[in-house]
Amino acid sequence: MTASPLVPPATIAFLGLGMMGRPMAARLAGAGFKLRVFDVSQKAVSDFVGAHPGALATASAKAAAEGADALITMLPDGKIVRQALIEGRDAAVEGLQAGALVMDMSSSNPVDTQKLARDLASRGVALLDAPVSGGVKRALDGTLSIMVGGTAADLERVRPVFGAMGKTITLCGPAGAGHTLKALNNYLSAAGLVAMCEALVVGEAFGLDPGTMVDVFNTSTGKSNATEVKGRQFVVPRNFVAGFTTALMAKDLRTAGDVATHLKLKVPNLEQAVAYWTAADGKLGKGADHTEIFRYAEMLAEEEP
Ligand code: NAD
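Here the structure is a predicted model, which is why all the values come from computation and not from measurement.

*Asks:* Break down the overall build of the protein chain for me, with residues and values.
*Replies:* Along the backbone of the protein chain there are 13 helices and nine strands. Compactness check: the protein chain gives a C-alpha radius of gyration of 20 Å against a globular reference of 19 Å for 305 residues, within 12% of the reference. The principal-axis extent of the C-alpha atoms belonging to the protein chain is close to 65 × 45 × 35 Å. Within the protein chain, counting contacts between residues at least 6 apart in sequence, those at least 24 apart form 65% of the total.

Spelled out as structure tokens, the structure:
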């Protein structure tokens with residue numbers, strides 16, 4: 001028998017109230033879902049509950065999971081997701097009821113996701129990997145692109161939950177397919193951003209105005225997500241406040257590289273991107289926004305040949 005779709009006021013446990021988790025959970029609260037929230041940062045929890053008094057603050061992943069119909073993780077990476085769900089102290093599986101469904105919306109490593117799906121299934125819990133694209137702005141608007149890995153039946157069960165956070169919901173394939181597509185998407189996104197930044201560095205040195213360059217790219221064949229939503233907004237004014245860190249982008253590229261390695265494929269441009277972003281992460285320092293890759297491109301350009 002197919003379980004009926006989870007509609008408001010079903011209860012959702014939400015783990016991870018960071019740059020993305022906060023606005024995504026806010027969309028669920030706004031749609032009428034009951035929330036049980038947890039983050040290792042107590043401030044993140046109290047800020048969220050302060051802004052959404054209907055949400056319940058909890059003190060562990062297990063406590064958040066108790067009585068919930070479904071659970072969402074929006075955590076930095078798959079290792080942390082596994083800790084929160086299974087391996088850590090007061091892990092969510094200890095609180096989840098049989099038949100509950102977990103959605104890992106973090107950008108996790110798909111090879112780990114496949115194992116996680118098997119381990120959760122052995123405890124009667126289904127997993128969908130459902131990473132997102134669109135950044136903080138589209139999380140606030142509820143217009144994220146959601147890439148789903150898992151079964152069609154499980155997706156139909158939580159479609160109303162995803163519908164509160166995203167505009168495009170795509171079933172990409174079985175467990176791990178969503179996380180694979182997300183990592184590959186971010187490879188394209190990162191490559192486009194570096195290309196724009198290097199073009200700006202060269203153009204500026206020649207005497208071109210960076211704003212004019214971005215405007216011309218946007219009406220020409222060089223147009224990309226980077227030129228359209230990052231150039232004029234974050235790079236040209238040098239405010240670097242896109243809300244996604246260099247560390248997380250470097251992690252996503254390593255994930256894409258790991259998938260290629262796992263499949264024994266040689267992809268030299270991707271390998272270069274992994275090395276470039278990992279080095280940039282080391283150089284730019286903790287918490288640097290991914291648009292600060294422009295500063296890294298400037299540093300490299302000024303190195304002695
Ligand atoms: P973030 O670092 O801002 O937020 C992560 C949150 O998880 C933090 O509040 C942290 O305290 C919390 N946390 C860490 N370990 C925890 C644990 N064990 N239990 C509970 N909470 C814990 O990161 P973010 O930018 O919100 O990104 C989250 C995920 O979404 C990442 O996988 C990232 O790659 C992905 N993503 C981010 C963006 C973006 O624009 N920021 C866009 C798409 C996807």
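*Asks:* Give me the lowdown on the environment of A130, citing residues and values where you can.
*Replies:* Within the secondary structure, A130 sits in the loop between β6 (126-129) and β7 (132-133). The buried category is assigned to A130, whose relative accessible area is 0%. Taking the C-alpha atoms as reference, A130 lies 4.4 Å from V148; in sequence the two are 18 residues apart. Once residues within four sequence positions are removed from consideration, A130 is found in contact with D104, M105, I146, M147, V148, F162 and H179.

*Asks:* Can you tell me about the nonpolar core, naming the residues and giving the values?
*Replies:* Membership of the largest hydrophobic core comes to 37 residues, with the highest contact counts inside it found for M24, L28, M103, M105, V161 and F162. Core analysis: the next-biggest nonpolar cluster, separate from the first, contains 31 residues, V235, F240, A250 and A273 among them.

*Asks:* Hey, could you go over the site of the ligand for me, with residue numbers and the actual values?
*Replies:* Residues in close proximity to the ligand total 23 residues, the closest being M19, M20, D39, P76 and K251. M20 is positioned with one of its backbone polar atoms (N or O) 2.8 Å from an oxygen atom of the ligand. A distance of 2.9 Å is found between a nitrogen atom of the ligand and a backbone nitrogen or oxygen belonging to G243. Here the ligand has 830 Å² of accessible area as a free molecule, and 84% of this is covered by the chains. Looking at which element gives the most residues to the shell around the ligand, the answer is helix α11 (residues 246-262), with three residues. Residues of the shell around the ligand, tallied by class, amount to twelve nonpolar, seven polar and four charged. Of the domains in this structure, domain 1 (11-173) and domain 2 (180-302) are the two that each give at least three residues to the shell around the ligand.

Parameters at a glance
Residues numbered from 1 in each chain as written. Predicted model: local features only at pLDDT ≥ 70, side-chain atom pairs only at ≥ 80, totals over all residues. Heavy atoms only, no water. Helix = DSSP H or I, 4+ residues; strand = E, 2+ residues; numbered from the N terminus. Rg over C-alpha atoms; globule rule 2.2 N^0.38 Å. Contact = heavy atoms within 4.5 Å. Buried < 20%, exposed > 50% of the residue type's maximum accessible area, 1.4 Å probe, protein only. Core = buried A, V, L, I, M, F, W, Y, C linked by side-chain atoms within 4.5 Å. Near = heavy atom within 4 Å. Polar contact = N/O pair within 3.5 Å; in protein donor to acceptor, adjacent residues only side chain to side chain. Areas by Shrake-Rupley, 256 points an atom, 1.4 Å probe, with all protein chains shown as cover. Nonpolar A, V, L, I, M, F, W, Y, C, P; charged D, E, K, R; others polar. Domains from an automatic or database assignment.

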